[in-house]
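# Analysis of the macromolecular model
Below, each chain spelled out in residue letters.
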Amino acid sequence: MSIDRKAAIAAYKERKTIAGIFVVRCPASGQAWVGQASNLETIQNRIWFSLRQGSHICRNLQAAWNAHGEAGLTFGECERLDDEETAYVRNALLKERLLHWRAELNAEAI
């Protein structure tokens, strides 16, 4: 294995993840879904993959995807959380902010 590859792998493992709250919207139907993620940079890819497979656990979101397709949904970040030292504090804060954004956007939870 080359030194550049080892350095790239080490950098990948040490990267900081950004936790936060996100929203998926369907402008055609006016629906919105809010969720929490420990890594905002990868969550859209995960959601879109499960929707493409027809296996997303949120039936209403899957129905909107089936009706309007990928182009009919948008993804956005609501809030990024500051880096917390403990997972417990981060998870508690994520739950609190998820409830806030669900109420604010009148959205379902993902």
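Keep in mind it's a predicted model, so treat the numbers as computed, not measured. (Residues numbered from 1 in each chain as written. Predicted model: local features only at pLDDT ≥ 70, side-chain atom pairs only at ≥ 80, totals over all residues. Heavy atoms only, no water.)

### Describing the sheet that holds strand β4 (residues 108-109)
- With mixed pairing, four strands are arranged side by side in an open sheet as β3-β1-β2-β4. Edge positions in the sheet fall to β3 (74-80) and β4, since each has one partner strand and no second.
- The pairing of strand β2 (residues 31-37) with β4 spans two bridges and is parallel. Paired with Trp-33 across the bridge in β4 is Glu-108. (Pairing = 2+ DSSP bridges. Helix = DSSP H or I, 4+ residues; strand = E, 2+ residues; numbered from the N terminus.)

### Structural notes on unusual backbone geometry
- Phi is positive for Asn-106, which is not a glycine, with a value near 50°.
- Inspection of the secondary structure puts Asn-106 in the loop between α4 (87-105) and β4.
- Take Asn-106: its relative accessible area is 71%, and that puts it in the exposed class. (Buried < 20%, exposed > 50% of the residue type's maximum accessible area, 1.4 Å probe, protein only.)

### Some remarks on the packing of aromatic side chains
- Considering all chains together, one arrives at three aromatic pairs under this definition.
- Look at Phe-22 and Phe-75: their rings are 5.4 Å apart centre to centre, the planes differ by 25°, and that puts the pair in the stacked class. Pair noted here: Phe-22 is in strand β1 (residues 20-26) and Phe-75 is in strand β3, with a separation of 53 residues, a long-range link.
- Classification of Phe-22 by relative accessible area gives buried; the value is 1%.
- Note on Trp-48 and Trp-65: the rings are 5.7 Å apart at their centroids and 75° apart in plane angle, and the pair reads as edge-to-face. With a gap of 17 residues between them, Trp-48 in helix α2 (residues 40-53) and Trp-65 in helix α3 (residues 59-68) connect regions that are remote in the sequence.
- Trp-48 gets classed as buried once you look at its relative accessible area, which sits at 5%.
- Taken together, the aromatic side chains of Phe-22, Trp-48, Trp-65 and Phe-75 make up a single cluster linked through ring pairs. (Phe/Tyr/Trp six-rings, centres within 6.5 Å; stacked < 30°, edge-to-face > 60°.)

### Details of the pattern of salt bridges
- In the structure shown here, the tally under the stated rule is three salt bridges.
- Here Arg-52 makes a salt bridge to Glu-70, at a shortest N to O gap of 3.5 Å. Here the residue Arg-52 occupies a position in helix α2, and Glu-70 occupies one in the loop between α3 and β3, the gap between them amounting to 18 residues.
- The closest approach of N and O atoms between Glu-77 and Arg-80, which form a salt bridge, is 2.7 Å. (Salt bridge = Lys/Arg side-chain N within 4 Å of Asp/Glu carboxyl O.)

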